[in-house]
Amino acid sequence: MMVQTPDPYGLASGGPIGISIRGESSIKGAIGTVDGIPISAIDPGAGQQFLFDSENLLSVSLLTPPFAPEHISVFTQEGYLNRNIRWASDHFGGEVSQSIGSFGFHKTFVRLDSGLLPTGTKFFISSSYAHADSWRGNGSAPDYRYNGTFGVTQQISRRLTAKLFAVYDSMKGASYLPLTYAQASNLGTFYYLGYNSDPQSLSYSGYNQQKFKDYALVGEIRWRPTSQSTLIIKPFYNQEDGYTMGTGLPGVKPNQIGYWSIHHHLYGILSKLDFHYAHTDFTLGYWYENIQPPGPPTAVKAFNITPSGLQFSNWTPLLVNPVANNVFNSPYIQAKRSFGPVMITAGVRYLMEQIPTLSVYNGSGVGDVSPSQAVSEAVFRYTINGHTDYQWLPYIGAVYRWMPHVSLTAAYGRDNGGPALEMWPKLVLSGMSANAAQNAWNTTRPGTSNAFSLGLSITHARWYLRPDVFYTTYNHKDVPINVPCTTMFYNQNLGVGRALGMEIQGAVEPLDDLQIFGSAAYDRAYFTQNIPYGQTTLPTNGMQFPDVPKFLATLGLRYRYHDFSVSPVIQYTGLRYADSLHTQPVPAYCITNLNFAYHRPVPHVGAFTARLQLLNLFNRHYIGLVSQNYVQTGASAATFYPGAPFTVVGSIGLQF
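Residues numbered from 1 in each chain as written. Predicted model: local features only at pLDDT ≥ 70, side-chain atom pairs only at ≥ 80, totals over all residues. Heavy atoms only, no water.

Draft legend 1. Geometry of the overall build of the protein chain. A tally of helices and strands in the protein chain yields six helices and 38 strands. The globule rule puts the C-alpha radius of gyration for 656 residues at 26 Å, and the 25 Å found for the protein chain is close to it. The dimensions of the protein chain, computed from C-alpha atoms along their principal axes, are 70 × 50 × 50 Å. By residue count, 53% of the 656 residues in the protein chain fall in the buried class. Summarising the internal contacts of the protein chain: among those between residues at least 6 apart in sequence, 66% fall at separations of at least 24. (Helix = DSSP H or I, 4+ residues; strand = E, 2+ residues; numbered from the N terminus. Rg over C-alpha atoms; globule rule 2.2 N^0.38 Å. Buried < 20%, exposed > 50% of the residue type's maximum accessible area, 1.4 Å probe, protein only. Contact = heavy atoms within 4.5 Å.)

Draft legend 2. Representation of the packing of aromatic side chains in the model. The final tally for this structure, using the stated rule, is 33 aromatic pairs. On the basis of an interplanar angle of 25° and a centroid distance of 4.8 Å, the ring pair of Tyr 243 and Tyr 259 is categorised as stacked. Separated by 16 residues along the polypeptide, Tyr 243 in strand S13 (residues 229–246) and Tyr 259 in strand S14 (residues 257–277) bring together distant segments of the chain. A residue is classified by how much of its surface remains accessible, and Tyr 259, at 22% relative accessible area, is partly exposed. (Phe/Tyr/Trp six-rings, centres within 6.5 Å; stacked < 30°, edge-to-face > 60°.)

Draft legend 3. Quick peek at the pattern of salt bridges. In this structure the tally under the stated criterion is 15 salt bridges. With a closest N to O distance of 2.8 Å, Arg 111 and Asp 113 form a salt bridge. By relative accessible area, Arg 111 is classed as buried at 3%. According to the relative accessible area criterion, Asp 113 is buried, its value standing at 4%. Linking Lys 272 and Asp 274 is a salt bridge whose minimum nitrogen-to-oxygen distance equals 3.7 Å. Accessibility expressed as a relative area gives 24% for Lys 272, which makes it partly exposed. Counted as one network, the salt bridges with shared partners bring together Asp 53, Glu 55, Lys 107, Arg 145 and Asp 169. (Salt bridge = Lys/Arg side-chain N within 4 Å of Asp/Glu carboxyl O.)

Draft legend 4. View of a nonpolar patch on the surface. Together, Leu 454, Trp 463, Leu 465, Val 469, Leu 500, Met 502, Ile 504, Val 508, Ile 516, Leu 555 and Ile 570 make up an exposed nonpolar region whose accessible area comes to about 880 Å². Secondary structure elements with two or more residues in the nonpolar patch: strand S25 (463–482) and strand S26 (489–511). In terms of residue count, the dominant contributor to the nonpolar patch is S26 (four residues). With respect to the helices and strands, Leu 555 occurs in strand S30 (residues 551–561). (Patch = residues over 30% accessible without salt bridge, like charges linked within 9 Å, V, L, I, M, F, W, Y side chains within 5 Å. Areas by Shrake-Rupley, 256 points an atom, 1.4 Å probe, with all protein chains shown as cover.)

Draft legend 5. Quick peek at the environment of Gly 365. Relative to the elements of secondary structure, Gly 365 occurs in the loop between strand S20 (357–362) and helix H4 (371–377). Counting along the chain gives 34 residues from Gly 365 to Val 399, while the straight-line C-alpha distance between them is 65 Å.

Draft legend 6. View of the environment of Asn 541. With respect to the helices and strands, Asn 541 occurs in the loop between strand S29 (536–538) and S30. With residues up to four places along the chain from it excluded, the contact list for Asn 541 reads Phe 527, Thr 528, Gln 529 and Asn 530.

Draft legend 7. Broad picture of the nonpolar core. Counting residues in hydrophobic clusters, the biggest one holds 26 residues, and the most contacted among them are Ile 39, Phe 52, Phe 165, Phe 236 and Trp 287. Secondary-structure elements contributing two or more residues to this core are strand S11 (160–174), strand S12 (209–226), S14, strand S15 (280–291) and strand S18 (326–339). Residues contacting Trp 287, with those up to four places away along its chain left out, are Pro 38, Ile 72, Ser 73, Val 74, Phe 236, Ile 269, Leu 270, Phe 328, Asn 329, Ser 330, Arg 349 and Leu 351. Counting residues in hydrophobic clusters, the runner-up holds 25 residues, among them Val 300, Val 320, Val 360 and Ile 384. (Core = buried A, V, L, I, M, F, W, Y, C linked by side-chain atoms within 4.5 Å.)

Draft legend 8. Representation of the pairing of strand S9 (residues 121–131) in the model. Bridge analysis of strand S8 (residues 105–113) against S9 gives eight bridges, and the strand direction is antiparallel. Note on S9: the bridge partner recorded for Thr 108 is Tyr 129. Across 10 bridges, the pairing between S9 and strand S10 (residues 144–155) is antiparallel. Residue pairing in the sheet places Tyr 129 in a bridge with Tyr 146 of S10. (Pairing = 2+ DSSP bridges.)

Draft legend 9. View of the sheet that holds strand S5 (residues 57–63). Taken together, the three strands give an open sheet; going across it, the order is S4-S6-S5, and neighbouring strands pair in mixed fashion. At either end of the open sheet lies a strand with only one pairing partner, and these are strand S4 (32–34) and S5. Geometrically, the sheet is characterised by an average inter-axis angle of 15° between neighbouring strands, direction not taken into account. (Axes fitted to C-alpha atoms, helices over the stretch in contact; angles between N-to-C directions.)

Draft legend 10. A look at the side chain of Asn 416. Assignment of secondary structure puts Asn 416 in strand S23 (residues 406–416). A relative accessible area of 0% places Asn 416 in the buried class. For Asn 416, the side chain forms a polar contact with the main-chain oxygen of Val 74, separated by 3.0 Å. Those residues within four positions of Asn 416 in sequence are excluded, and the remaining contacts are Val 74, Phe 75, Thr 76, Gln 77, Arg 349, Leu 351, Glu 353, Gln 391, Leu 393 and Gly 447. (Polar contact = N/O pair within 3.5 Å; in protein donor to acceptor, adjacent residues only side chain to side chain.)

Draft legend 11. Broad picture of the environment of Pro 8. You can see Pro 8 is positioned in the loop between strand S1 (2–4) and strand S2 (18–21). Separated by 638 residues in the primary sequence, Pro 8 and Phe 646 have C-alpha atoms spaced 9.0 Å apart. Once residues within four sequence positions are removed from consideration, Pro 8 is found in contact with Phe 103, Trp 135, Leu 615, Ala 644 and Thr 647.

Draft legend 12. Expanded view of the pairing of S11. As judged from the 12 bridges shared by S10 and S11, these two strands associate in the antiparallel manner. Paired with Tyr 144 across the two strands is Lys 172, which belongs to S11. Counted between consecutive antiparallel strands, the loop separating S10 from S11 contains four residues.

Draft legend 13. Region of the structure containing the side chain of Ser 73. Considering the arrangement of structural elements, one finds Ser 73 in the loop between S5 and strand S6 (80–85). A residue is classified by how much of its surface remains accessible, and Ser 73, at 0% relative accessible area, is buried. Among the polar contacts listed, one links the side chain of Ser 73 to the backbone oxygen of Phe 75, at a separation of 3.2 Å.

Given below as structure tokens:
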């Protein structure tokens, strides 16, 4: 897996995060789940990457295709991360920590757990504040990030338990300047290029920023009607309010500052019934989720720079009212049974995905008002109707415990990918007729993949080895299309391809206090057809997918000496390409991180922990994140973010 962020702390103000897993690069951002709940909007704000403090997470797990039906995410074709909440402890206690680091970074975190009360109640409450300066140019990223979290668990009866998790997050900060490909190809000159401190400049950091407030509620009701059955219901809600402003926003002239007003919400419910019958474990489940746009953009206005600051100019053609939202409905059934040393899991999920219906308005003459008021005052232009796509997503997998320390796994599954919503701004801004835009929107559909995997796990007292081979075919893959001899880029669900590769993970303990670990992956993920484009075709057959390196590797060790530990880690990322025709190669790079830790129990109190991290130890200059979001520079479909330079971060904490 390859994860990229524009900053060393993962705090870039609502900024994009890139994740690449087994030949599939997520261009939708940090899509994932929390306690198995898909509380992640398709786009475009801070979302779940800011909502959850790492200190409030019990663990983070990587899930890779193919997926059993019970594993639900907005998109599963790409693989995803699941964050497991650290719910309230049975014992009274708490935690306080302070972190500081390079580029003005500091974060304060406090948490208090009530312990189990006589009423069968236990809860926790936490708060945090974080700040960091931009390591490129002027501004803070974020200027501030406040987070408040509350979680409660109530034992109602021996068979019935209820949980509620509530979180509020407020952040504001300057964006990181995305580079053009020409700039990214000359990092000796442009590595530290960022926004400046001149209010009369388009590149002023105060005009290129983001601000968001997010609220989320996650519930869980767990009822055991019998000793062999469990009903779990998980409702959830998330609201996001804020804005992104800056250059490069769709529909904004090159000499203007754009303001993208973002107000949307999502809600849904995840439910399942687990029961045992005829020596088989069954699961019946249903997922419903309603996601309100933006994602794609719905309200962008433009401002001119004047000696006294920004002055409203006009609403862009991207003045849109969502008529119907992104909606997911998905029932599923799954069965699991052991046959001696073999465990078989099989099932199927039926996915109904509704693409949004959007009405476009002419905002000429409308003033600097809210998006809803602008729509009420604007002239209706046309409506582009969404559609509903239907998919069967079957799965079958087997685990064979060959010997006590050796097991074999094999699985097949069909997974769903993202529709090419990135095409929306270009449909509206291109000037094409309503019928032509409707025809193009009709090509937007979920991508699909058929994934096969074969794995081996060997575990012994002092070492383990886990090689996996995978093969995947793709249809309707969302890809950035660049038309030869032009500067035109266009995302569409036209990619057809396959991925064939191997991953291997392992670790060994040659000494009681020394562990050596590593992983490596080879991934040949490529198009198997040329891509049709209008009256021509693009020669993509045989080309590696955009932003997918063929080689990834990690090597590290961890050495413990009494209460101290040290862990150097080397990470290698191979050559990749930002576009479908391989006109924009992104060089390979290797970075080294060095981590120190000290952990000591404190009698009658708890435990004291201190950590020191040296990130990008040798100050390697490289391109990390390749982004294909709505904010662009020039005509390119992709923009580029340099990886952070040498960074030092330290923290101390006390658990009691």
